[in-house]
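So the chains spell out like this:
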Amino acid sequence: MSHRIARIWKAPGLAIAAAAAMTLSGGALAESPRADYEEKGAVSELAGICPQVTFRVNGRLVLTHAGTEWEDGTCQELDNGRRVEVDGTLRADGALIAHEVELE
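Let us look at the structure shown here. (Residues numbered from 1 in each chain as written. Predicted model: local features only at pLDDT ≥ 70, side-chain atom pairs only at ≥ 80, totals over all residues. Heavy atoms only, no water.)

1. Overview of the overall build of the protein chain
The number of helices and strands found in the protein chain is zero helices and eight strands. When the helices and strands of the protein chain are read in sequence order from the N terminus, they spell out β-β-β-β-β-β-β-β. Per-residue burial over the protein chain gives 28% buried out of 104 residues. The long-range fraction of contacts in the protein chain, counting pairs at least 24 apart against all pairs at least 6 apart in sequence, stands at 41%. For the protein chain, the exposed surface amounts to about 6,600 Å²; the carbon and sulfur share of it is 53%. (Helix = DSSP H or I, 4+ residues; strand = E, 2+ residues; numbered from the N terminus. Buried < 20%, exposed > 50% of the residue type's maximum accessible area, 1.4 Å probe, protein only. Contact = heavy atoms within 4.5 Å. Areas by Shrake-Rupley, 256 points an atom, 1.4 Å probe, with all protein chains shown as cover.)

2. Regarding the side chain of T64
Residue placement: T64 occurs in the loop between β5 (60-63) and β6 (69-71). T64 sits in the buried class, given a relative accessible area of 6%. Within the local environment of T64, its side chain forms a polar contact with the backbone oxygen of P51, the two atoms lying 2.6 Å apart. Among the polar contacts made by the side chain of T64, one reaches the main-chain amide nitrogen of V53 at a distance of 2.9 Å. (Polar contact = N/O pair within 3.5 Å; in protein donor to acceptor, adjacent residues only side chain to side chain.)

3. Looking at the nonpolar core
Counting residues in each nonpolar core, the largest one holds 15 residues, and the members touching the most others are F55, V62, L78, V84, V86 and V101. If you list the elements that add at least two residues to this core, you get β3 (28-49), β4 (52-57), β7 (83-90) and β8 (96-103). Of all the elements, β8 adds the most residues to this core, at four residues. Discounting residues that sit within four places of it in the chain, V62 has contacts with V53, T54, F55, V57, V86, L96 and A98. (Core = buried A, V, L, I, M, F, W, Y, C linked by side-chain atoms within 4.5 Å.)

4. Observations concerning a negative patch on the surface
Residues E69, E71, D72 and E104 make up a contiguous surface patch of negative charge. We classify E69 as exposed; its relative accessible area is 52%. (Patch = residues over 30% accessible without salt bridge, like charges linked within 9 Å, V, L, I, M, F, W, Y side chains within 5 Å. Salt bridge = Lys/Arg side-chain N within 4 Å of Asp/Glu carboxyl O. Lys, Arg positive; Asp, Glu negative; His and termini not counted. Charge placed at Lys NZ, Arg CZ, Asp CG, Glu CD.)

5. Some points on the state of the cysteines
One pass over the full model with this rule turns up one disulfide. Across a sulfur-sulfur distance of 2.0 Å, C50 and C75 are joined as a disulfide pair. The sign of the -90 degrees torsion about the S-S bond sets the C50-C75 disulfide as left-handed. Here C50, found in the loop between β3 and β4, pairs with C75, found in the loop between β6 and β7; they are 25 residues apart in sequence, far enough to count as distant. (Disulfide = S-S within 2.5 Å.)

This is the structure:
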């Protein structure tokens, strides 16, 4: 048996969605939280080889991966100084795992 619960909190300049997937297995309840985060700004400190690149936006480390979706461009078009909007999961260490990168 599996249940999915989602809750969204919004504050000025920040939207956080927390979803918990809960599964009942042998009397144990497993919960996996996910926090969605958005960062907009200019790319700096670009490193790596597509599709796995790292860069900073407003000082925050952003990590892309093979599953990252690209809008209005491709990973190969990313460059230092290019403005982007990144949507992804914020890790406990503050790094942003990119689910989607929009080139502006």
